[in-house]
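Here is what each chain is made of, one letter per residue.
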Amino acid sequence: MEITHVAILGNSIAGNGSSGRFSTWLETELRNRQITSQVFMAEWPETLDQFSDVWILGGDGTINYFINQYPDCSIPIALFKTGTGNDFAWKLYGNKSNKEQLDHILQASPKWIDAGKFNDRLYLNCIGIGFDGEIVQSMKTIRFLGGHLGYLLAVIIKIFRFKEYTYTIATANESWQDKFLVVMVVNSSRAGGGFLIAPEASITDGLLNMVLCKKMPILKRLRYLPIMKKGKHTHLPFVLMRELKAVTILPSKTVAVQIDGELHYADRINIAVLKEKFLFRY
């Protein structure tokens, strides 16, 4: 599938406005390669039918908005990391520079990737329930610090203040009823600007990865935070890791839920994988 006419969709507030500056550079680079493009920042088009590809400028929140705005998009997508949280872009492109990523995308064949569905919303990277949701809730007051630093500060604050909720959790084969500190169901590997929540997660295996961490005291939380950041927690006895296609999660009260870094609230959470839902160049 040849790249001939690219829709560049930006988020003017993502990454403190870096999307606008980046779009100018990207337009120039494409023009030098005889590829036409059109930039949309304030208002995105109703349809993408006239374009061969769509490139998103932003972070996890921007790509989440995109897939829910265009849930049936079938043209190839690329994501450039110009947001506050860029965990899904990291999964796709690693630590490539903008120039390296552009060169890679221009040569890459499109590949189908999985998505997740939370109640009536789609997601690509991760869902965090309770503790993780309240971290994002706290970040609204410290977002000026940026993605990873802001997330880390919010985590530290919540380590001291958060009280675990009781959850009833059921998959096709297992169920649990207990108090959990961490309840996450991820499609990708990383969250919070660098926390390797599920290091082995694949975006093409038709499965989601659930990570549960049982209730623990403050000192234990502080001890294991750096271990979880590095993805070295998967063997710990108080951590449950499962691969699944669907799960239902019932918290004991309405809880904060972060979906690709965006804040929502729910008292019943139905999650399912959508195999080969979107086409990405990566």
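Residues numbered from 1 in each chain as written. Predicted model: local features only at pLDDT ≥ 70, side-chain atom pairs only at ≥ 80, totals over all residues. Heavy atoms only, no water.

## Re the pattern of salt bridges
- Tallying each qualifying case throughout the model produces 9 salt bridges.
- With a closest N to O distance of 2.8 Å, Arg 33 and Glu 29 form a salt bridge.
- Judged by its relative accessible area of 28%, Arg 33 falls in the partly exposed class.
- You can call Glu 29 buried: its relative accessible area is 16%.
- Of the charged contacts, one joins Lys 99 and Asp 103 as a salt bridge, the two residues approaching to 2.8 Å between their closest N and O atoms. Residue Lys 99 and its partner Asp 103 are both found in helix 4 (residues 98–107); the two are separated by 4 residues, about one turn of the helix.
- Connected via shared salt-bridge partners are Glu 29, Arg 33, Lys 99 and Asp 103. (Salt bridge = Lys/Arg side-chain N within 4 Å of Asp/Glu carboxyl O. Buried < 20%, exposed > 50% of the residue type's maximum accessible area, 1.4 Å probe, protein only. Helix = DSSP H or I, 4+ residues; strand = E, 2+ residues; numbered from the N terminus.)

## Focus on helix 7 (residues 218–229)
- Over its 12 residues, helix 7 runs 17 Å from end to end, which matches the ideal 16 Å to within 8%, given 1.5 Å per residue.
- Residues Arg 221, Tyr 224, Leu 225 and Met 228 constitute the buried set of helix 7. Burial along helix 7 is one-sided: seen end-on, the buried residues are contained in an arc of 140°. In this structure, helix 7 carries Leu 219 and Arg 223 as exposed residues pointing more than 90 degrees from its buried face. (Expected span 1.5 Å × (residues − 1). Arc of directions from axis to C-beta.)

## Brief notes about the environment of Ala 198
- Secondary-structure assignment places Ala 198 in the loop between strand 11 (195–196) and strand 12 (208–214).
- For Ala 198, a relative accessible area of 1% corresponds to the buried category.
- Sequence separation between Ala 198 and Val 186 is 12 residues; the distance between their C-alpha atoms is 7.4 Å.
- Each residue touching Ala 198, except ones within four places of it in the same chain, is listed here: Val 186, Ser 188, Ser 189, Asn 209, Val 211 and Met 241. (Contact = heavy atoms within 4.5 Å.)

## Regarding the packing of helix 1 (residues 18–32) against helix 4
- Contact pair helix 1 / helix 4: the axes reach a minimum separation of 12 Å and the direction vectors enclose 45°. It follows that helix 1 is oblique to helix 4 by the angle criterion. Helix 4 is crossed by helix 1, and the crossing has right-handed handedness. Counted together, Phe 22, Trp 25, Leu 26, Glu 29 and Leu 30 of helix 1 and Asn 98, Lys 99, Leu 102 and Leu 106 of helix 4 form the full contact between these two elements.
- Split into classes, the residues belonging to the contact of helix 1 with helix 4 amount to 6 nonpolar, 1 polar and 2 charged. (Axes fitted to C-alpha atoms, helices over the stretch in contact; angles between N-to-C directions. Parallel < 35°, antiparallel > 145°, perpendicular 65-115°, else oblique. Left-handed = near helix turned anticlockwise from the far one by under 90°. Nonpolar A, V, L, I, M, F, W, Y, C, P; charged D, E, K, R; others polar.)

## Describing the packing of aromatic side chains
- Enumeration over the complete set of coordinates arrives at 13 aromatic pairs.
- Judged by centre distance (5.5 Å) and plane angle (50°), the ring pair of Trp 55 and Phe 80 falls under tilted. Taken together, the positions of Trp 55 in strand 3 (residues 53–58) and Phe 80 in strand 4 (residues 77–81) put the pair 25 residues apart, joining distant regions of the chain. Side by side, Trp 55 and Phe 80 carry an identical accessibility label, which is buried.
- Centre to centre, the rings of Phe 66 and Tyr 70 are 5.1 Å apart; their planes meet at 35°, and the pair counts as tilted.
- Phe 66 gets classed as buried once you look at its relative accessible area, which sits at 0%.
- Taken together, the ring pairs connect Phe 22, Trp 25, Trp 55 and Phe 80 into an aromatic cluster.
- One residue, Lys 111, lies across the ring of Tyr 282, its end atom 4.4 Å from the ring centre.
- The side chain of Lys 277 reaches across the aromatic face of Phe 278, ending 5.7 Å from its centre. (Phe/Tyr/Trp six-rings, centres within 6.5 Å; stacked < 30°, edge-to-face > 60°. Lys NZ or Arg CZ within 6 Å of the ring centre and 35° of its normal.)

## Details of unusual backbone geometry
- Even without being a glycine, Gln 34 presents a positive backbone phi close to 60°.
- With respect to the helices, strands and loops of the structure, Gln 34 is situated in the loop between helix 1 and strand 2 (36–40).
- By relative accessible area, which is 69% here, Gln 34 ends up exposed.
- A positive phi angle is found at Asp 260, which is not glycine, with a value near 50°.
- With respect to the helices, strands and loops of the structure, Asp 260 is situated in the loop between strand 15 (255–259) and strand 16 (262–266).

## Topic: the nonpolar core
- With 52 residues, the main nonpolar core has Ile 169 and Ile 249 as its most contacted residues.
- In terms of residue count, the dominant contributor to this core is strand 9 (residues 175–186) (8 residues).
- The residues touching Ile 249, leaving out its near neighbours within four places in the chain, are Ile 129, Tyr 167, Thr 168, Ile 169, Val 183, Val 185, Arg 268, Ile 269 and Ile 271. (Core = buried A, V, L, I, M, F, W, Y, C linked by side-chain atoms within 4.5 Å.)

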